[in-house]
Amino acid sequence: VSENCSSPIIVAGSMSAHKRHSYEKEDVVKSLTLLATSLRETNVDCVMVEMVQNVEYGAEMIRAARLTNKPLIIGFAVELRNNTLYLKDDDVCFTATLVRKMIADACDVACIGVMHSDVSAVEHALKILEGAWKGPLVAYPDFGSFVDNVWQNHADDLAEEHIASKLISLKANHPRLSAVGGCCGLGPSFIHKLSKGVETRINPLQLIDLSDQSSQH
């Protein structure tokens with residue numbers, strides 16, 4: 001697909017542990033290690049470490065991702081509780097200090113961001129990420145929630161317009177926000193609305209260019 005595309009694209013592999021509660025930690029770590037070593041042998045351009053939403057398991061995800069020898073995009077999942085930002089699956093506040101500590105164990109970090117989070121939390125998260133990291137940022141919110149490991153609700157046209165408008169505004173006000181998109185509950189129609197409002201485009205290969213990322217932590 002990428003070879004036949006008229007504009008540059010990147011192909012990303014994915015690592016996550018969002019269903020960790022169903023398994024013993026030892027098995028989760030083994031699975032992450034197996035996935036990382038498998039991704040190392042593929043032709044993916046980068047690896048997305050997705051839904052870092054718990055300190056303990058997020059650390060294991062990032063540690064395993066080192067084995068891929070690929071540029072990493074690390075995505076944190078957060079939520080607001082009483083006007084304070086927390087990792088989505090933890091009682092730990094989401095702070096710049098926490099982010100710096102967690103990504104310190106990573107190798108070849110190309111960019112970091114907030115993902116699989118309600119759009120109301122995205123701006124708060126971006127401000128924290130900007131204080132922890134000097135490189136490019138990404139943001140892709142969700143809409144809805146998991147119920148018994150099944151995603152419930154999808155954005156209607158009005159919700160899509162609201163979220164797209166919010167992301168377009170955030171991109172205009174956060175110069176290092178280099179990529180925006182949608183996660184669960186947001187589909188192609190949302191991406192179409194979003195793309196119409198994003199005027200500045202970059203070559204996606206720039207997003208994973210590690211040549212000037214060595215001093216970004």
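Analysis parameters
- Residues numbered from 1 in each chain as written.
- Predicted model: local features only at pLDDT ≥ 70, side-chain atom pairs only at ≥ 80, totals over all residues.
- Heavy atoms only, no water.
- Salt bridge = Lys/Arg side-chain N within 4 Å of Asp/Glu carboxyl O.
- Helix = DSSP H or I, 4+ residues; strand = E, 2+ residues; numbered from the N terminus.
- Buried < 20%, exposed > 50% of the residue type's maximum accessible area, 1.4 Å probe, protein only.
- Axes fitted to C-alpha atoms, helices over the stretch in contact; angles between N-to-C directions.
- Parallel < 35°, antiparallel > 145°, perpendicular 65-115°, else oblique.
- Left-handed = near helix turned anticlockwise from the far one by under 90°.
- Contact = heavy atoms within 4.5 Å.
- Nonpolar A, V, L, I, M, F, W, Y, C, P; charged D, E, K, R; others polar.

## Concerning the pattern of salt bridges
Within the structure shown, the criterion is met by 11 salt bridges. Glutamate 56 is paired through a salt bridge with lysine 25; the nearest N and O atoms lie 2.8 Å apart. Here glutamate 56, found in helix 2 (residues 55-65), pairs with lysine 25, found in helix 1 (residues 25-40); they are 31 residues apart in sequence, far enough to count as distant. Of the residues examined, lysine 25 reaches a relative accessible area of 29% and is grouped as partly exposed. With a shortest N-O distance of 2.8 Å, glutamate 79 and arginine 81 are connected by a salt bridge. Judged by its relative accessible area of 28%, glutamate 79 is partly exposed. When its relative accessible area of 23% is taken as the criterion, arginine 81 is described as partly exposed. Salt bridges here are not isolated pairs; linked through shared partners, they connect Lys25, Glu56, Glu60 and Arg63.

## What to know about the environment of isoleucine 103
Within the secondary structure layout, isoleucine 103 lies in helix 3 (residues 96-103). We classify isoleucine 103 as buried; its relative accessible area is 1%. For isoleucine 103 and isoleucine 74, which are 29 residues apart along the polypeptide, the C-alpha to C-alpha distance reads 8.3 Å.

## Notes on the packing of helix 3 against helix 4 (residues 119-132)
Two numbers describe how helix 3 lies on helix 4: the axes approach to 8 Å, and their chain directions differ by 55°. Between helix 3 and helix 4, the angle falls in the class oblique. As for how helix 3 packs across helix 4, the hand of that crossing is right-handed. Across the interface between the two elements, Ala96, Val99 and Arg100 of helix 3 pack against Ile128, Leu129, Gly131 and Ala132 of helix 4. In terms of residue class, the contact of helix 3 with helix 4 is made up of five nonpolar, one polar and one charged.

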